[in-house]
Amino acid sequence: ACPLSPPPLLDLGGYEPLTFLSATQPRRPPWQLACLHAEGVQQGANGSPPEAIDLEEPTTIIGRDFQRSHFNAWLHFRTYYGSVSPEHLKMDLTNDGWVVTKIGVQGALYLGNQSLKPGEGYLIREGDVLNFARTAGSVDDSILKLRLCRGAETAGTGACASGAFAAGAAAAEAGAAGVA
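Rules used throughout
Residues numbered from 1 in each chain as written. Predicted model: local features only at pLDDT ≥ 70, side-chain atom pairs only at ≥ 80, totals over all residues. Heavy atoms only, no water. Pairing = 2+ DSSP bridges. Helix = DSSP H or I, 4+ residues; strand = E, 2+ residues; numbered from the N terminus. Contact = heavy atoms within 4.5 Å. Polar contact = N/O pair within 3.5 Å; in protein donor to acceptor, adjacent residues only side chain to side chain. Buried < 20%, exposed > 50% of the residue type's maximum accessible area, 1.4 Å probe, protein only. Phe/Tyr/Trp six-rings, centres within 6.5 Å; stacked < 30°, edge-to-face > 60°. pLDDT = per-residue confidence, 0-100.

Asker: Let's hear about the pairing of strand E4 (residues 89–94): which residues, and what values?
Answerer: Pairing geometry for strand E3 (residues 59–62) and E4, over 4 bridges, is antiparallel. When the sheet's bridge partners are listed, isoleucine 61 is paired in E4 with lysine 90. Linking two consecutive strands that pair antiparallel, namely E4 and strand E5 (residues 97–102), is a turn of 2 residues.

Written as structure tokens, this is what we have:
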């Protein structure tokens, strides 16, 4: 036998060969924060705002310095600049699940209706909603709502991507145009 010949093919006993995702079908991360509500949704370059923030394991920092294009599309600059910190929150994947920790000082952050204290970790489960608010003390003042969900479930289904807030965004823009 020639030492340069390739090794013989192995019989895999009926197993199918691996298939790989093509470059045209990007892999969605297993977890995302999907946009449910945004006060000032702006149309993106392709006609729709981003649907979700991808969560990278084991830690993802969320804030205006890390997801600038998302916050620019979801909120008016004056709104998010005063309500969303450059590093607003941290999402850590633990053995118990995702833990959210508020690390920024601007605006208020709620897990459902529970106000999050800076520096304290809170377990967040699939389907739970993070509410970004202008001021502490009122979850009703939410400017942005993000739901924890699996990435495959959010493809094309986010309320922010569906245009559900187009009328609200237009009204907000009209109101902002009158503000100096």
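Asker: Give a detailed account of the environment of aspartate 141, specifying residues and quantitative values.
Answerer: Among the structural elements, aspartate 141 can be located in the loop between strand E9 (129–133) and strand E10 (142–150). Separated by 10 residues in sequence, aspartate 141 and asparagine 131 place their C-alpha atoms 8.9 Å apart. The residues touching aspartate 141, leaving out its near neighbours within four places in the chain, are Phe132, Ala133, Arg134 and Thr135.

Asker: Requested: an account of the side chain of glutamine 67, with residues and values cited.
Answerer: Along the chain, the position of glutamine 67 falls in the loop between E3 and helix H1 (68–74). Of the polar contacts made by the side chain of glutamine 67, one reaches the backbone nitrogen of glycine 63; its length is 2.8 Å. Ignoring sequence-local partners within four residues, the contact set of glutamine 67 consists of Ile53, Thr60, Ile61 and Ile62.

Asker: Run through the side chain of threonine 60, naming residues and quoting values.
Answerer: Inspection of the secondary structure assignment puts threonine 60 in strand E3. Under the relative-accessibility criterion, threonine 60 is labelled buried at 7%. A polar atom in the side chain of threonine 60 sits 2.7 Å from the backbone nitrogen of glutamate 56. For threonine 60, the contacting residues outside a window of four places in its chain are Asp54, Leu55, Gln67, Leu89, Lys90 and Met91.

Asker: Report on the packing of aromatic side chains, specifying residues and quantitative values.
Answerer: In total, this model carries 2 aromatic pairs according to the counting rule given. The interplanar angle of 85° and the centroid separation of 6.1 Å between the aromatic rings of phenylalanine 71 and tryptophan 74 together place this pair among those described as edge-to-face. Note that phenylalanine 71 and tryptophan 74 are positioned in helix H1 at a spacing of 3 residues, about one turn of the helix. Summarising the burial analysis for this pair, phenylalanine 71 and tryptophan 74 share the class buried. Seen in terms of ring centroids, phenylalanine 71 and phenylalanine 132 are 6.2 Å apart; in terms of plane orientation they differ by 65°. Their pairing is edge-to-face. Of this pair, phenylalanine 71 sits in helix H1 while phenylalanine 132 is found in strand E9, placing the two residues 61 residues apart along the sequence. Residue class for phenylalanine 71 comes out buried when judged on its relative accessible area of 0%. According to the relative accessible area criterion, phenylalanine 132 is buried, its value standing at 0%. Counting every residue linked through ring pairs, the aromatic cluster contains Phe71, Trp74 and Phe132.

Asker: Got a sec to walk through the confidence of the model for the protein chain? Specific residues and values, please.
Answerer: Summing up the model confidence of the protein chain, the mean pLDDT is 73 and the portion of residues at 70 or higher is 61%. In the model, residues 154–180 has pLDDT below 50 throughout and makes 41 contacts with residues more than four positions away in sequence or in other chains.

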